[in-house]
Structures are given as C-alpha cells and as structure tokens.
Amino acid sequence: MHKKIQRSTTVLGRLLSYLSPYRTMVALTLVALLLATAAELTLPVVIKRTLDEHVLNSQLRLEVSTLKEFLNSSTFEEQPLSPQEAQALLQDGELFGSSLFLPPSRLLEIGGELAQQGREEGWIDAMNWHLFTSSPETAAIEESQPQLFLSQGDRRAILSSELSKLPPEVRRQLRQEDLSWLSKASLLYLGLLATVLIFTFAQVYAASWIGQRVMADLRQGLLGHVMGQSLSYLGRTPVGSLVSRVANDVETINEFFTNVTVSFLRDGAVMIGVVTVLFALDSRLALVALIALIPALFLIVFFRSRMLESFRKVRERVSAVNTYLSERISGMATLQLFTAQKRSRQEFQEKSDDLLDAELGQMRIMAVFRPIIDLISSTAVALIIWYAAGLGERNVITLGVLIAFVELLQKFFQPVSDIAEKFNILQSAMAGGERIFKLMDESEKIPDEGTHPLTTVQGNLQFESVHFSYVPGEPVLKGLNFSIPAGSTVAIVGATGSGKTTIANLLTRLWDPSQGRILLDGKDLTTLPLSQLRQAIQPVQQDVFLFAGTIAENIALGLPLDDQAIQNAARLARAHEFIQSLPQGYATPVAENASNLSAGQRQLIAFARIIAHDPALIILDEATANVDTATEHLLQEGLETLLEHRTALVIAHRLSTIRQANLIMVLGHGQVVESGTHEELMALNGSYRRLYEIQFAEEETTS
Amino acid sequence: MPKSSKNTSSGSYHRELGALKPYFARYWPAYALGLFFLILTDFGQIVIPRIVGAAVDIIATQPNAKVVGQRMLWVVGLALLVALGRYGWRNFIIGSARRIENDLRRDYYNKLTTLGPSFYGQHKVGDLMARATNDLHSIRMATGMALIALVDGVFMSLVIILALFINYGSLAILLILPLPLITAMALFLGKLIGPIFKKVQERFARISEHVQETLAGIRVIKSFAKEERSLQSFGTINTEYGKANMEMVRFWGMLFPAMSFIAGLSTLSLLFFGGRNVIDGRLSPGEFVTALAYLGMLLWPAMGAGWVVNMMQRGAASMKRINEVLRQEPTITDAPQASNTPPKGSIQFKNTSYRYPLVPERATEETTKNQRSSSSKLAQDSLPPRILQDVNFTVEQGENFGILGPTGSGKSTLMKLIPRLLDPPENSLLIGQEDIRTLRRNALRRSIAMVPQDIFLFSETIRENILFSKPQATSEELEQAVDAAGLRADLPFFPQGLETQVGEKGVTLSGGQKQRIAIARALIANPEILLLDDALSAVDAETEERILENIFTLRTGRTTVMVSHRVSALARCQRSVVLEEGRITATGTHEELLKNSPFYANVARLQSLEEGMDHA
C-alpha cells in the first residue's frame, strides 16, 4: 500500500513536470479558477445582504435613556453593554428623539443574546420598525394617518406590523429607497454572474490548452523514444500495445490535467470557500454544518476502496470483452472454417456476463453511495433550519443568513457526491501515466556514437569473426569470417535458421554483433554515424512494408525526386507497367495493408524504392519469395544493370537468383561452410550440391 | 445519402428504436418498478422545499424551535424516502439498461459468427468494434440515463411549473423565462459540436494510424534513416489534433458556464421581481425561499432536456448501426433440407465459374472512378470480372493434388470455394458426388481443414492455437501434428515452448513460424480433405520438401490439395493443374505437364537454372 502511494506520487510528480514549459498559462488558469470560484461564492452572499438589508430591512427601536445609563454607569460588568459598546451604538444608530433605531445585525455583532435580553428588560421594543425618508409621494399617506409615524427631520419610522397592513402601492411608495437598492443589488448580481461566466470559460479554455500541449509533447516524446529503440526490442514488443500507450494512455493523461486536476482544485476552492463564508456569516451554524460533514467523510472512507475496486473490475472486464471480440472478428474466417462458432458464442457469452456482473456490482455501490450523500446533505439542511429556529426564538439570526446557508450547503455537498467518478478518472490516469513512464524508462538503443563521416563509399565489406545471438545461449552466427570486394555480387544460401537474414540485420545495424566486428571500406560500422550508414546500405526485406500514401510517395520515401526520376526507378524495377495500369497510376493510394496490390507488386515497388535511393551497397533478403517465377525473371533483368555499379548481398531461396553471383557462400550453423562460384561448388560435391539437387532432383531424372 | 436520412429522421428513429421492443419486453417489470421509484423520488424532492419554506416563514414571523423541529423531522423522513427511491430507480432502470446492453452484445456477436467473407470484406474490424462498444454504450445511455432524465425532467418540471404558477401567479413567468433558453442552447450547441466532434475523432484516429504504421514499418524507416521525417509529420498530426480539440473547447467549454449564467438569470429575476414582491408584501420570505429551491430544481430538467434529445438521437442512430448488422442476411446460407453428414470422396469441379458479387459500396466507388476514366470502359467495369471460367477437374479420394498458376490467376478463389467460404454456383462443385450446396456448411467444413494464404492466429498460446481445430485432441495427436508441421525445430526459439503466447500480448512470429503453426492446426483436425494455399511460401525448398513428405505420409488415403509456386513441391503430387487467367490450361502428372503446359515447363525451366548451363 505504501509502495503504491509512493509510486503514484512519482507518477504525479513526473506528470506535473510536463507543465513547467507552460507556467504562465498554469498561473492564468489558477487565477481564473480562483476568481470564478470567488464570484460564485459571493452570489449567495449578495442574496443574503439584499434580503436582510433591503428587502426585509427591519430595525430595532432602543431606548436612548437606557443606553445613556449604560454609558455613565461604573458597574458596567453587570450590565449587557459596556460604555464603549453603548457609545458605538449611539453613534451608529439613527436618533429619533428618545428612540434609537438600529438594524438587528448590528446587535448580533455585539452578542447573540443581546436583542433577546433587551426585549426582556424593556429597553428594546418588542416589535420591529421600518425607516424611510419623507418625500412628496409619501406626503399623502403621512397626512391621512399621522398616528402611525415617528418623525425626525425628513426621516420617518413605522412599525412593521402597521406597514404590512397598508396596501402594496402605498408600501412601495414608503420603501422607495429599498427598491432602488434592490435594483442596484440586482445589477451587482448580474455583474457577478458575468464574472463567473467569463472566468469559468477562461479557466476551461486555458486548462484545455495546457492539456493539449502536454499531450502533444508527451506523444512526440514517446514516439521518438520508441522509434529510437533497437529492433530486437521493437520485435519483441507488440505494436498494438505501443499504439495504445501513445494514443489512448496519453488521452487519459489529458483527462487528468483538464478534468481531474482542475475539478479537484475547484472543488477544494469551493469547499474551503464555503466553510470560510459560513464562518463569516455565522460561526454556530457553520459548526453545525461541519458536524454534518463528518458522516459524509466516513462514508467516503468506507466506500472509496470498494468504488475503486469496482471501477477497476469493470475496466478489466471491458477490456477482456473487447480483446476477445476484436480478435474473433479478425479471425472470423478461421473460426468458421474450423466450425468453432458455437464454442465461441459460449465463450463470448461468459465474458459478456462477467462484465455485466462487474457493472451491476459497480452500479449497486453507486446506488447506495450517492443517495446517502444526498440524504446527509438534506439532513444537514434540516438540522441547520431547526437550529436556526432555536436561534430565531431568541432573535439571534437573520433570514438572509439562513437562506445563504441553505444555498451554500448545497454547493458544499455537490463535489462530494461525484467524488467517486473523479477518483476513477484519477486512478485510470495514474495507471496510464505509470505505463507511459515505464515505457519511457525502458531503453534498448543501438548506440549511435559514430564520428567518422562517410564521404564516398566504395563498398568493401568485411566480417571479422562475427558472433551473434538473438536469445542468449542460442548463437546464430559463430565466428563468421568473409570479405566482399567492392562492386561484386555475393549470394548467401543456407537452410532456414542458418543466419542469412541475421547478416542483413547486422549490416544495417538493426542489431550489433555480440563479438567481432564488421568493416565497411575498412571502418568499423559502429564508428560511422547511423543515419549515414543506413543510407549507404539498404535492404529489400522479406515482408515489404508500404506506407499509407501514393505509390510515388512510397518509392520516393521522402527524397525530393521528380516524377521522371520516380518513373525511371520503377522502369528499372519493371514496376512501371503495372503501376501505369492502376486507376490513378503513380498517384494511386496504397490501401490499408496494401490490399490493393498483390504480393508481387509490392515487391516490385520495394525494388523501385531501392533503385531510387541508389545506395552503395544493397541487400536483397529473400526478396523474390513472393513473386511468381515469371515476374521474378522480369525483375532479374532490371536488377542486373543495377547490380553492376554496387556491392550486393543476395539472400534468396531460388538458385536461379543466385546463379549470376560472383561468389556464393553456403551458410550452415552460423558459419560459412562453402564458398565459390556455382561450378566450383557443384564440383565440391558438398552442401551446395545437395541443396541444389533437392530442388531439381525431379528434372534431372526426367531429362 | 445524408439528405435522404435527414428527411426521414424522426420516422426512422422510431423504427430503429422499435427494434428494442423485445428487449424491453423482457425487463418491463423492472422498468415499471424503477419508474415507480423515480416518481416517489420526485414527489419527495418537490415536497421538501415547501416544508423548508414554511419553516422559514415560521422563523421569520414567530420563531418556534419545537414546531420547526417537527417539520424538519418530516424533511429528514422525506429525504430518507428520496434516498430509497433513488436506490430503487438506479437499481431497476440502470440495471435493466445494462442487461439490455448485455443481451444486445450477445445477439450482435452471435450474428457476427453467422456472417461470411463478403460481409467482412465490406466492414473493417475497427468499424464493427465501434458498433460493439460506442454504439452499444449510447444505446445503454438512451435506455437508461436518458429515459430516467426524460421521465424525471417531464414530471418534475410539469409539477414545479404548475406549483410556481399556482403560488406565484404571473411572477412564475418571469422566473422560468430564461430556462427554455438553456434547453435551446444545449440543442443548438449539440448540433454545432457534432461535426467538430467527428473531426476530433478522425484526427485522433490519424494519431493511432500514424503510430501503428510507423512501428509496423519501423524496419523500413530505420533502414532508410527516415526517423526525423516520421517524427515531423507526427508533429503536424499532433498539432492538428490539438487544434480540433481546442475548436471543440470553444463550444463545449462555453456550454456549461453559459447554462449556469442563464440559470443565474433566473435567480436574478427572483431576486429582483420576487424581492419587490416581498417588499410590498405580496410574497412572504418563506415563499421566496421555496421559489429559490424550486428554481434550483428546474435547472436540471432544463439542462437535461437538451441532453436527453441528443442522447435519444444518438441512441437511435446507434441502434440503426446495430440493426444493420442484426438484420444482415448471410449471403451464404444452408439449404432448407441440407444434409448434416460430413462428405467424403472425390472433389469434382464441373464447369465452375466464379465472379465476386457486386457489393453496393464498391459499386458507387466504381462509378466515380468511371466518371474519371473513359466512357468506353464503363460497361466493362460495371460487372466484376470472372475470376474462374469453366473450371473442370476432379481430385480423387486420397490423392495429393497440386495447383500452379501465375499471381492473380484465381488459385486462392478456387481453394476458398471448396469449404464454401465463397459460394460456388449450383451443381458446380461436388464432393463424393454431392453438390456441396446441399450440405450444411458445418458438416462440409468438418471434412475440410485449410491453411489459407493469409494466416490468422489468435492471441493465445501456441498450444491453444493448434488445438483450436480440435480442443479434445490427445497429447499424442498434438505431438504428431507438431512434428509433421516441422514446428518441432522452432520450439526452442519460443520462450515457453508450446505455452508461448503469440500475437499482441506475446511474441511476434515470423511468416514461416505462423505457417507451420497453421499447418499443425490443420493437421490435428485430421480432416478428409486438407487444403494448403501456398502454405509453405515462407520456408526454403529443403524444409518444404521435408514438411510435405511428413504430411503426405501422415495422410495416406486422404485427400490433399495444394497451391504452390515451386515445381519441386508440385512434383511430389500425383497430379496437378495449371490455372491461367481463371481457366485450367493443363492437367496431369508432373511429367505430362512438363510436356503439355508451356507455363509449367517455363516455370520449371527458370527454376532449374537453364538446363544447358548445369553441366557446362
């Protein structure tokens, strides 16, 4: 468990290090996030203030004489107000002769029980009052019912209970000031809404921008890293898994940055903000709210591992179903050929049912978790209102505070109820990150430390006691010694597994010899820059690989060749004719898996590619295996001219291909067993002759 | 295409979703219970704010902790009811949606196992996988969450709007006025996002494709030192993908903030107009609080409405794609009274001709091509060419029979007709005097094992792959097949021998190794007829000789038909045919063919290094 946490913190650290180039944008995101959250939390506060100060706007009436007594008293420890507090109230309140008017919240600031006490002792009026300024509009009502009002200059006071008996139009007239404050508060509210809108969008946009950059950086780095690995590594590692690292796992990292990190930050900001605002509004109610949070925390602790486990199970089984399905779809013909449909249906049904079980398990956990969180949230509201009612009995809470609390509590529980989904994304992002960094930490490169630049390549090739094995303990080449003079064509023959293809792989440094060295024009291959070496020595491989793109692009493979040069190469390779007959000629796109070309045609294109690149040394690796004999014959003609100017190593099964070679080497068990021309080897009466006779035994008996 | 689908969209949605009826029928009691729980939940949710509002009024006028406490107990009780209801609807409705998905997935796969090569030729694996994953997912959403949101949204909004109108009169209009805007916006942006979303997906696919292709062709890239170039173009693809994503963020990122903004306008309208009404006494503070809570509750249906519409549309579109597969009729079917006895005896081709059936997609491609090329070609190209023409020959029972022909002459087509992977015309292909079209395909195929040109192995162990054709085979049979296929010599090269995992999660095999495993798989079934379609092309002549020798010895008395490019291999057969441009140009023994077939003789001559020079 400890190890696991440590591992995920390293993954997290490495992930975050990808943010460093984008510090400014990260800072902007955070600022936008904070502003948006702050504005959002201010919204209920505005409603609270507006309600308390302008919509309700009730005032308490205090006896000035009592306050003055407090002011002058020397035994102020026993009285509800200290002289300083009484002095402050006298300054803050509005004086109407012997009465002082104050908003209830002003008394709450001094002490929660103060208003209650004042009412009981009689120096605060039991009823609430409203204040307003007299104006021509209010003159009519003031004159018709003067007994309702207290006056001080142009200010008037009226009992709340009397006010509520008046008709609405009259009340509106009396409360002109409050109405205009209400309009201002509404404007403020609108401004805050706009602030939330702008900064939320800015934050989403900036976070996505960063996510996209990080993804591109990660992908570019990953592919570069993978491509740099040696072929022995790439041969072992299935392409599909590498593709899903670069494509899908990086995508979950994006989720991590744009979704998880941001929402955790936001949720954190909201929750801290709510608690802060709650305490600022009323610390007793805030405590009650925090107590309600405790069961929610227990619930999360209790469910967390169960939820993560259920999510993991679902992911695993989804992938089991998908792997099975994609395999069987690809191999449907094989499946039907061996009449395995019924068996396969059962297998699929089992996997699918397993997935259903996991999904239902996850659903049940969520079906318990989320409603309980909602229940806790509702209970918290109920608790607050009940507690507030108790406070209300003693007149120590304003309605606005209560409303703000109900609003804020809902915001507070929002992040808690979808915490499970966020944990899930976090977990899969971590898993993806772990896989990506594991891949990045694996390194098996062919060292490219060559410093001697190749200028003109002659093409002299020399193997000096070269040893090699793909698997330790299973040598393929055992002290191979031979040299090829520039310009000559050498054929290598031998049984499967005798090491023919290995020679080609060592020459292009797809692998390096485990012992011995290979020299090109007298220079060890490892002392040459890798890319120059590979431009000088080029193979045509057994399995021709064509890239998505046109045929012309596949021949040029990035060289800046004009159409003429490409066509010339194709002519030499005898590929021109069939390419011309294709619907779009050289511009014909190569279909998926090159399925629009026959195996032979693909070989011809590969030949044209080599001719276009004009290397000093070429390797034909069983290149003719897939071409029918007639086509191969055509190809031979084209190649003959090409071979004249360069060193060529030919690895082919068909003896007809080998006949023209200057030298034939017979490879057996990792060593050169025989070498010489066809005639010399026939005369030698050894392995070559035996190989030859197996293939042509039938003809010799008939002719 | 898109035009016609748009015109009939609403009608076709019904039709497509109608296909779900039998599935719904299976789970209707669960759905009914789920809906009951949903309504229960909604009831509780609507009543709670009223009690809270009343309590606030009590606090505002004559605070009484005892009375309020009793009310709050009611609230807790209702909250419990709501929690129970939520548990209920999740369990019953979401559970049923999962079950329907599972049923659909099963039916989809079962259908796939009945469809033949012509279907798989038209549908890529990726596309069929997308249907099984993305489409099933959106159907699940449509039958689960979207359905819940629909019922919940309609019920809640109707009741709340009604309550608002009864309690607040004309003020209600002002309050809910902004809410339809949210729905409209969700719908509008949903439409706008559609094409961008598609673009993002396409560009994401380009990323996978590029990585896939680069790594599959890594030998070529390294050999030609093109790493930099490949990385550069990957950089471009990455940037493009990022751009498309940002384009989407411009809409998507705006959607939720804008919806919250509009929802805020609703609260603003309550503050302004409702506040005035509280001031002039037409509204009590408690009613103000209740309205605030109700507006919060209306928000979700307003946001959800757009989502529901999008989900339902997507679900219907997905169902259409699933239906396409489920309604697919296999092009090759068993005759009604087909025999279930595996055939035995000679294989007889009688005037067999074959052309690939015209498939709709290909036909349109063909026409566009023709518009570009000359009009005279049009008639020729509109029908696919005949691959085989009047093929006549018989392979006797127990014979080893060879086929030679240039690339594209129809050899593989010929081989695929025998197990009815392709459908031969009636009465043109007989095994043991029976037209293979009168046999059940499974019966026919029990007599046949084939090693095709493009071999498919499953990502399982080598042993499992070999046993695929006969899971109950004994270990002696396994050993025998491994030996005969020449696979024994490969085993030391596999890290765990026969238990080595192959494919995506295991080792990468060479072409020759794949062929030998596939041969072992075919041999272990010990079929009456063995078909080898160029099955030894990747091994050298010596090894091919040895493997053929083993196979023929092991299969004495049973029939083997093989395609090969090597005359030396064909010479081991009793008889061979030469196939050129879909026609049989010669039949006979090796010696007869050397005399009678110019093509066969030419190939033999080329392969034997020009006779004259041999003894020079």
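Scroll up for the structure.
All values derive from a computational prediction rather than experimental measurement.

Undergrad: Explanation requested: the overall build of chain A in the structure shown.
TA: Per the secondary structure count, chain A includes 27 helices and 16 strands. A compact globule built from 703 residues should have a C-alpha radius of gyration of about 27 Å, whereas chain A, at 43 Å, is more than 25% larger. Taking the principal axes of its C-alpha atoms as reference, chain A extends roughly 140 × 55 × 50 Å. Buried residues in chain A amount to 52% of all 703 residues. Partitioning the intrachain contacts of chain A with sequence separation of at least 6 by distance along the chain shows that 75% fall at a separation of at least 24. Looking at chain A as shown, the accessible area adds up to about 29800 Å², and 55% of this sits on carbon and sulfur atoms.

Undergrad: Explain the sheet that holds strand S5 (residues 149-152) of chain A here, please?
TA: Note: strands within a sheet are paired through backbone hydrogen bonds, in either parallel or antiparallel orientation. Residues and elements named next belong to chain A. Judged by pairing direction, the sheet is antiparallel, and its three strands sit side by side in the order S4-S6-S5 without closing on themselves. Each end of this open sheet is capped by a strand with a single partner; those strands are strand S4 (129-133) and S5. On average, each strand axis in the sheet is tilted by 25° relative to the strand beside it, whichever way the strands run. Two elements, S4 and strand S6 (residues 155-159), share five bridges in a ladder whose sense is antiparallel. Bridge pairing in S6 links Phe132 to Arg156.

Undergrad: Looking at this structure, I do not really get the interface of chain A and chain B. What am I missing?
TA: How big an interface is tends to be reported as the loss of accessible area on association of its parts. At the interface, 155 residues of chain A touch 151 residues of chain B. For the pair chain A and chain B, the two sides together bury roughly 14000 Å², of which 67% comes from carbon and sulfur. For chain A, the biggest contributors to the area lost against chain B are Met227, Leu337 and Phe338 of chain A; these three give 5% of the whole. At the surface where chain A touches chain B, the tally comes to six salt bridges. Note that Arg86 of chain B and Asp374 of chain A form a salt bridge whose closest N and O atoms lie 2.5 Å from each other. In this structure, the connection of chain A to chain B is made through 19 residue pairs in polar contact (both at pLDDT 80 or more). The element contributing the most residues to the side of chain A that touches chain B is helix H15 (residues 341-393) of chain A, with 31 residues. Here the side of chain A that touches chain B is composed, by residue class, of 76 nonpolar, 52 polar and 27 charged.

Undergrad: Looking at this structure, I do not really get the environment of Leu62 of chain A. What am I missing?
TA: Residue and element names in this part refer to chain A. As for its position among the elements, Leu62 is in strand S1 (residues 60-63). Residue class for Leu62 comes out buried when judged on its relative accessible area of 1%. A C-alpha to C-alpha distance of 111 Å links Leu62 and Arg574, two positions 512 residues apart in sequence. Residue contacts for Leu62: discarding those within four places in its chain leaves Leu67, Leu89, Ser98, Ser99, Leu100, Leu102, Trp123 and Ile124.

Undergrad: Can you help me understand the packing of aromatic side chains in this one?
TA: For any two aromatic rings, the description comes down to two numbers: the centre-to-centre distance and the angle of the planes. Across all of its chains, the model carries 27 aromatic pairs over all chains by this definition. On the basis of an interplanar angle of 45° and a centroid distance of 5.8 Å, the ring pair of Phe204 of chain B and Tyr241 of chain B is categorised as tilted. Of this pair, Phe204 of chain B sits in helix H9 (residues 179-216) while Tyr241 of chain B sits in helix H11 (residues 227-279), placing them 37 residues apart in sequence. The exposure classification of Phe204 of chain B matches that of Tyr241 of chain B, with both residues buried. Taken together through their ring pairs, the aromatic side chains of Phe338 of chain A together with Phe456, Phe458 and Phe468 of chain B make up a single cluster. When the ring centre of Trp181 of chain A is taken as origin, the NZ or CZ atom of Lys184 of chain A, which lies over that ring, is 4.7 Å away. If you follow Arg306 of chain A out to its NZ or CZ, it ends over the ring of Phe302 of chain A, 4.1 Å from the centre.

Undergrad: What should I look at first to understand the nonpolar core in this one?
TA: Membership of the largest hydrophobic core comes to 114 residues, with the highest contact counts inside it found for Phe463, Ile503, Leu520 and Ile555 of chain A. No other element matches the nine residues that helix H12 (residues 239-281) of chain A contributes to this core. Split by domain, this core shows at least three residues from each of two domains, domain 1 (2-17 + 230-441) and domain 2 (461-702) of chain A. Those residues within four positions of Ile555 of chain A in sequence are excluded, and the remaining contacts are Ile566, Ala570, Ile579, Tyr586, Ile605, Ala608, Arg609, Ala612 and His613 of chain A. Counting 112 residues, the second largest nonpolar core, distinct from the first, contains Phe468, Ala485, Ile551 and Val561 of chain B.

Undergrad: Even after reading the chapter, I still don't get the packing of helix H13 (residues 283-330) of chain A against helix H4 (residues 65-114) of chain B, so can you show me in this structure?
TA: When two helices pack together, you describe them by how their axes are tilted relative to each other and by the distance separating the axes. Put simply, H13 of chain A and H4 of chain B touch, their axes get as near as 11 Å, and they point 20° apart. If you check the angle between H13 of chain A and H4 of chain B, you find them roughly parallel. As H13 of chain A packs across H4 of chain B, the resulting crossing turns out to be left-handed. When H13 of chain A is examined against H4 of chain B, the residues Val321, Tyr324, Leu325, Arg328 and Ile329 of chain A are found in contact with a partner set consisting of Arg105, Tyr109 and Leu112 of chain B.

Thresholds applied
Residues numbered from 1 in each chain as written. Chains lettered and ligands numbered in written order. Predicted model: local features only at pLDDT ≥ 70, side-chain atom pairs only at ≥ 80, totals over all residues. Heavy atoms only, no water. Helix = DSSP H or I, 4+ residues; strand = E, 2+ residues; numbered from the N terminus. Rg over C-alpha atoms; globule rule 2.2 N^0.38 Å. Buried < 20%, exposed > 50% of the residue type's maximum accessible area, 1.4 Å probe, protein only. Contact = heavy atoms within 4.5 Å. Areas by Shrake-Rupley, 256 points an atom, 1.4 Å probe, with all protein chains shown as cover. Pairing = 2+ DSSP bridges. Axes fitted to C-alpha atoms, helices over the stretch in contact; angles between N-to-C directions. Buried area = accessible area lost by both parts, 1.4 Å probe. Salt bridge = Lys/Arg side-chain N within 4 Å of Asp/Glu carboxyl O. Polar contact = N/O pair within 3.5 Å; in protein donor to acceptor, adjacent residues only side chain to side chain. Nonpolar A, V, L, I, M, F, W, Y, C, P; charged D, E, K, R; others polar. Phe/Tyr/Trp six-rings, centres within 6.5 Å; stacked < 30°, edge-to-face > 60°. Lys NZ or Arg CZ within 6 Å of the ring centre and 35° of its normal. Core = buried A, V, L, I, M, F, W, Y, C linked by side-chain atoms within 4.5 Å. Domains from an automatic or database assignment. Parallel < 35°, antiparallel > 145°, perpendicular 65-115°, else oblique. Left-handed = near helix turned anticlockwise from the far one by under 90°.

Scope: geometric values only; no functional claims are made or implied.
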